[in-house]
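# Report on the structure
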Amino acid sequence: MSPNPSPLRFGYGTNGLADLRLDDALALLADLGYDGVGLTLDHMHLDPLAPDLAARTRRVAHRLDELGLGVTVETGARYVLDPRRKHGPSLLDPDPDDRARRADLLLRAVRVAADLGAHAVHCFSGVLPDGTDEDTAWKRLAETLTPVLDAAATAGVPLAVEPEPGHLLATLADFHHLRRTLGEPEPLGLTLDLGHCQCLEPLPPADCVREAAPWLRHVQIEDMRRGIHEHLPFGDGEIDFPPLLAALAATGYQGLTVVELPRHSHAGPHFAARSLPFLHRAARQSATLPPHGDPSATPEGSSTP
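Report follows, based on the coordinates. (Residues numbered from 1 in each chain as written. Predicted model: local features only at pLDDT ≥ 70, side-chain atom pairs only at ≥ 80, totals over all residues. Heavy atoms only, no water.)

### Side note on the overall build of the chain
As a reminder of what qualifies: In this text, helices come from DSSP runs of H or I with a minimum length of four residues, and strands from runs of E with a minimum of two, each type numbered from the N-terminal end. All radius of gyration figures rest on C-alpha atoms, and the globule criterion is 2.2 Å times the number of residues raised to 0.38. The contact definition used throughout considers only heavy atoms, calling two residues in contact when any of these lie within 4.5 Å. A 1.4 Å probe and the Shrake-Rupley method give the accessible areas. Residues count as covered only by the protein chains that appear here.
Scanning the chain from terminus to terminus reveals nine helices and ten strands. Its C-alpha atoms give the chain a radius of gyration of 18 Å, near enough to 19 Å, the size a compact globule of 305 residues would have. In terms of overall dimensions, the chain has a C-alpha envelope of 50 × 40 × 35 Å along the principal axes. Here the contacts in the chain between residues at least 6 apart in sequence split such that 76% fall between residues at least 24 apart. Counting every atom, the chain has about 12,500 Å² of accessible surface; 51% of that belongs to carbon and sulfur.

Listed below in structure tokens is the structure:
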């Protein structure tokens, strides 16, 4: 395995390894040479709702330390709170008890992240509920996140909100709206999914990275095409990765850059093995680019072999 030639630290998301036991997934990633793991709290991987969470978290922390893996905690499990509603309930639900259930999940995630030594806790807003106007939804989001941000400040773990296509908070502009609404709290950071930048942001992905740099607390990566929210293996989309990785490295970002391929979990070990060499090749190419490189994405497809 070629060493990582850039300052970036690459991880792989456990939501793309859902058919593996957590111990097996962590061992696989360590053997492949990953620097860390994006750990989605889910029924098969450190279930946040099952008994003895603190004790189970301590065992995972010990295993991560043994393997030399960094970690970020992700909260995008599809059905961990409700077996019938994907990603439900959300921070925007009309029922305050439902919103409180989502906030409780995030509070648990903050405690887990602190115990694991994670660099961030990831979350997202959820979709706008039927019959709810946007102003009301933004107020619910801000109010429900406030105690979570307080807990994150106490724990010393940033809360990294992800702009998600189709959600209330879908773009970088939406993230800044939330940040201003909340009064720019120090624990509030950004999860930037680089494929989402290709999908719907007005700026090219490398420019999105430069614009987002002051708030970056977590990064997800995969290939994607313009206007289509489909997480693709590297080389199957339109992103030109060397200038994108050069832009990310230039920000001084210190967290993990986590491969996000949840719909390829059926072949997770294959895609985990294939993804890291691709990223290392792209990082080597990024080191040869002039400052800022070429920030544009190539519609013909990725230029990295």
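Next comes the rest of the account.
### Description of the packing of aromatic side chains
As a reminder, the rule being used: Each Phe, Tyr or Trp ring, with Trp reduced to its six-membered ring, pairs with another whose centre is within 6.5 Å; inter-plane angles below 30 degrees give stacked pairs, above 60 give edge-to-face pairs, and intermediate values give tilted ones.
Under the counting rule described, the total for this entry stands at four aromatic pairs. Summarising the aromatic geometry, the rings of Y12 and Y34 are spaced 5.8 Å apart at their centres and angled 70 degrees between planes, so their arrangement reads as edge-to-face. Residue Y12 is located in strand β1 (residues 9-13), and its partner Y34 is located in the loop between α1 (22-32) and β2 (36-40); the two are separated by 22 residues in the primary sequence. Plain terms: the ring middles of F241 and F278 are 5.5 Å apart, the flat faces sit at 90 degrees to each other, and that makes the pair edge-to-face. Here the residue F241 occupies a position in helix α8 (residues 241-250), and F278 occupies one in helix α9 (residues 268-286), the gap between them amounting to 37 residues. By way of ring pairs, the aromatic residues F234, F241 and F278 are connected into one cluster.

### Quick word on the layout of surface pockets
Threshold: Here the term cavity refers to a set of points on a 1 Å grid, laid over the protein atoms alone, in which a 1.4 Å probe fits but cannot get out; the term pocket refers to an open set having protein on both sides within 12 Å along at least five of seven lines, with lining residues being those that place an atom within 4 Å of a point. Grid points are joined across faces, edges and corners, and a volume is the space filled by probe spheres set on the points. Residue classes follow a fixed rule: Ala, Val, Leu, Ile, Met, Phe, Trp, Tyr, Cys and Pro count as nonpolar, while Asp, Glu, Lys and Arg count as charged, and any other residue, Gly among them, counts as polar.
Volume-wise, the largest pocket comes out at about 620 Å³. Tallying contributions element by element places strand β9 (residues 228-232) first for the lining of the largest pocket, with three residues. When grouped by side-chain class, the residues that make up the lining of the largest pocket number eight nonpolar, 15 polar and ten charged. One number sums up the size of the second largest pocket: a volume of about 150 Å³. Forming the walls of the second largest pocket are L22, D23, L46, R56, R59, V60 and R63. Elements with a contribution of two residues or more to the lining of the second largest pocket: α1 and α2 (53-67). Sort the elements by how many residues they give to the lining of the second largest pocket and α2 lands first, with four residues. Partitioning the lining of the second largest pocket into residue classes produces three nonpolar, no polar and four charged.

### Here's the deal with the packing of helix α3 (residues 96-116) against helix α4 (residues 134-155)
Note the following rule: Angles shown run from 0 to 180 degrees and are taken between the N-to-C directions of axes, each axis being a line fitted to C-alpha atoms and, for helices, limited to the stretch in contact. For classification purposes, angles smaller than 35 degrees are called roughly parallel, those larger than 145 roughly antiparallel, those between 65 and 115 roughly perpendicular, and all remaining angles oblique. By definition, turning the near helix anticlockwise from the far helix through less than a right angle yields a left-handed crossing, and turning it clockwise yields a right-handed one.
Running from N to C, α3 and α4 cross one another at 20 degrees; their axes reach a closest spacing of 10 Å. When the interaxial angle is binned, α3 and α4 end up roughly parallel. Along this stretch, α3 crosses α4, giving a crossing that reads as right-handed. Residues R99, A103, L106, L107, V110 and A114 of α3 form the contact with α4, whose participating residues are R140, T144, L145, P147, V148, A151, A152 and A155. In terms of residue class, the contact of α3 with α4 is made up of eleven nonpolar, one polar and two charged.

So, to be careful, I would describe these as geometric facts and stop short of saying anything about function.
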